[in-house]
Amino acid sequence: MAFVSLEQIIKDTIIQKASPIGFDEFMDLALYYPAQGYYSGGAQKFGERGDFITAPETSDLFGYTLARQCAQVLRDGQDILEFGAGSGVLAAQILFELGRLGSLPKKYYILELSAELQQRQKETINKVLPELIERVVWLNTLPQNFSGVVIANEVLDAMPAKRLIKQADHFSELGVDCQSDQLSWQPFDHAYTNDKMLLPNEAGVGYTTEVNERAMAWIDSLSEIIDEGLVLLIDYGMGRKEYFHPQRFEGTLRCYYQHKASDDPFKHVGKQDITTSVNFSDMADQAKNSGFKIAGYATQAMFLISLGIDEYLLAETDENRRVSLAQQIKQLVLPSAMGESFKVLAFTKNRQVKLNGFKEQDLTHKL
Ligand SMILES: C[S@@+](CC[C@H](N)C(=O)[O-])C[C@H]1O[C@@H](n2cnc3c(N)ncnc32)[C@H](O)[C@@H]1O
């Protein structure tokens with residue numbers, strides 16, 4: 001059978017439907033279509049040779065520090081569940097440090113949509129921590145009656161979002177059409193309505209933004225499987241007021257191809273990453289509606305500092321290693337790097353705990 005490119009598959013989908021598809025549907029196909037989607041295909045993606053660098057790819061200290069937060073709440077016999085584990089480095093860092101702290105989870109579950117990444121994660125963990133590989137279990141569906149810590153680093157931003165555009169007196173969905181064999185934006189001809197979504201109704205005509213219904217549904221599904229524990233969501237994003245700032249007229253959609261950012265999702269289909277920033281107020285509202293208690297919200301910088309990331313630097317005796325660790329910490333905490341654009345949102349179920357990660361800062365009131 002002749003090879004059909006992902007771009008053509010998407011065009012055919014639209015043509016067969018004889019109407020534009022939602023941007024969330026487009027993003028789902030572009031990122032997760034079997035074998036050819038960005039996350040399903042074999043591209044390098046993470047790290048210097050890929051398209052973007054995430055915090056665990058930047059430094060082992062990210063995972064070690066996160067492990068300290070896990071160690072505070074993990075009880076004997078409890079588990080960790082990581083979503084979208086990328087190359088597997090974060091899992092390796094957390095397991096390594098929890099081993100050092102004597103707080104290993106019973107199981108470290110990974111729920112990863114991409115079979116190719118699951119394979120890569122197995123290789124990473126087997127290479128650096130062969131003695132712990134037995135504890136790591138890959139899942140294809142949510143586990144039941146989970147107790148412990150759930151982690152999702154840069155996962156919400158990769159969940160397919162809807163794009164909305166302000167018309168005269170309402171928002172409508174900005175769909176994806178195929179005209180003259182080209183993918184292009186096309187507003188739906190009816191108003192977007194969803195009681196859960198608070199929108200900036202005062203925005204001017206043409207104001208474009210995103211809503212992430214799938215991320216909210218995902219939080220709701222977590223509430224059904226967690227008996228007791230903590231959820232830690234780490235991602236780039238902001239509270240609602242900043243998300244819908246009038247100056248953010250073109251929304252938060254970004255595409256990454258070989259470390260270059262663009263706002264054109266119709267280029268390099270299946271070869272480039274597509275993301276939207278996280279509206280943490282929506283996520284917190286959904287968590288509360290689903291029965292969770294918000295346990296903290298802070299910048300990544302203050303979260304890592306509260307947990308003592310600097311102690312790793314102080315403990316390093318080798319001068320060259322210390323210089324390199326200092327550089328890595330800067331990347332994780334400086335406002336000009338990842339420190340302020342990335343946030344940590346924590347919520348708990350059936351667990352009262354004052355988390356160490358929010359000792360120095362808790363911006364929950366800003367959500
Ligand atoms: C930007 S990458 C982040 C990878 C990794 N967490 C890191 O920090 O390096 C996004 C990851 O989220 C995964 N993902 C997206 N939606 C998911 C979902 N609903 N369940 C599990 N994984 C998901 C993707 O397959 C991909 O591995």
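All of the points below concern the structure found in this document.

Parameters and conventions
- Residues numbered from 1 in each chain as written.
- Predicted model: local features only at pLDDT ≥ 70, side-chain atom pairs only at ≥ 80, totals over all residues.
- Helix = DSSP H or I, 4+ residues; strand = E, 2+ residues; numbered from the N terminus.
- Rg over C-alpha atoms; globule rule 2.2 N^0.38 Å.
- Buried ≥ 20, exposed ≤ 12 C-beta atoms within 10 Å, placed from the backbone.
- Contact = placed C-beta atoms within 7 Å.
- Expected span 1.5 Å × (residues − 1).
- Core = buried A, V, L, I, M, F, W, Y, C linked by C-beta atoms within 7 Å.
- Near = placed C-beta within 6 Å.
- Nonpolar A, V, L, I, M, F, W, Y, C, P; charged D, E, K, R; others polar.
- Pairing = 2+ DSSP bridges.
- Axes fitted to C-alpha atoms, helices over the stretch in contact; angles between N-to-C directions.
- Parallel < 35°, antiparallel > 145°, perpendicular 65-115°, else oblique.
- Left-handed = near helix turned anticlockwise from the far one by under 90°.

Glancing now at the overall build of the protein chain. For the protein chain, the helix and strand inventory stands at 12 helices and 16 strands. Here the C-alpha radius of gyration of the protein chain, 21 Å, is about what a compact globule of 367 residues would show, namely 21 Å. Overall, the C-alpha framework of the protein chain stretches about 60 × 50 × 45 Å when taken along its three principal axes. Residues classed as buried in the protein chain amount to 47% of the 367 residues present. Here the analysis covers contacts within the protein chain between residues at least 6 apart in sequence; of these, 78% occur between residues at least 24 apart.

The end-to-end C-alpha separation of helix H12 (residues 319–333) is 21 Å, in line with the 21 Å expected for 15 residues at 1.5 Å each. Against helix H3 (55–58), helix H4 (60–73), helix H10 (300–306) and helix H11 (310–315) lie the buried residues of H12.

With 104 residues, the main nonpolar core has Cys70, Ala91, Leu232 and Met283 as its most contacted residues. Among the elements that make up this core, the one with the highest residue count is H4 (8 residues). Contact partners of cysteine 70, with chain neighbours within four places excluded, come to Ile80, Ile94, Leu98 and Val149.

Quick look at the site of the ligand now. Near the ligand lie 21 residues; those nearest to it are Thr54, Gly84, Gly86, Asn153 and Ala158. In terms of residue class, the shell around the ligand is made up of 13 nonpolar, 5 polar and 3 charged.

Another point: the pairing of strand E8 (residues 182–187). Looking at chain direction, strand E7 (residues 171–179) and E8 are connected through 6 bridges and run antiparallel. Residue pairing across strands places leucine 174 opposite proline 187, the latter belonging to E8. Where E7 hands over to E8, the hairpin turn is made up of 2 residues, of which serine 180 adopts a positive phi near 45°.

Quick look at the environment of cysteine 70 now. Tracing the sequence through the fold places cysteine 70 in helix H4. For cysteine 70 and leucine 98, which are 28 residues apart along the polypeptide, the C-alpha to C-alpha distance reads 8.1 Å.

Two elements in contact, helix H7 (residues 213–225) and helix H9 (residues 280–289), have axes separated by 9 Å at closest approach and are oriented at 30°. In terms of orientation, H7 and H9 fall into the roughly parallel class. Judged by the twist between their axes, the crossing of H7 over H9 is right-handed. Residues Ala215, Met216, Ile219 and Asp220 of H7 form the contact with H9, whose own contacting residues are Asp282, Met283, Gln286 and Ala287.

It is worth spelling out unusual backbone geometry at this point. In the Ramachandran plot, aspartate 181 falls in the positive-phi region, its phi being about 65° despite a non-glycine side chain. Not every positive phi belongs to a glycine, and histidine 268 is a case in point at roughly 45°. For histidine 268, the position within the fold is in the loop between strand E12 (260–262) and strand E13 (273–275). Take histidine 268: there are 19 C-beta atoms within 10 Å of it, and that puts it in the partly exposed class.

Right, let's talk about the packing of helix H5 (residues 89–101) against helix H6 (residues 115–128) for a bit. Packing of H5 against H6 brings their axes to within 8 Å, and their N-to-C directions diverge by 30°. Of the two possible hands of crossing, H5 and H6 adopt the one that is right-handed. On the side of H5, the interface is formed by Val89, Ala91 and Ala92, while H6 contributes Gln121, Thr124, Ile125 and Val128.

What follows covers the sheet that holds E12. Strands sit in the order E12-E11-E13 across an open sheet of 3 strands; the sheet is antiparallel. The strands lining the two open edges of the sheet, one partner per strand, are E12 and E13. Strand after strand, the sheet turns through a mean of 25° between neighbouring axes, direction not considered. Where strand E11 (residues 254–257) meets E12, 3 bridges bridge the pair, whose relative direction is antiparallel. Within the sheet, the bridge partner assigned to tyrosine 257 lies in E12 and is lysine 260.

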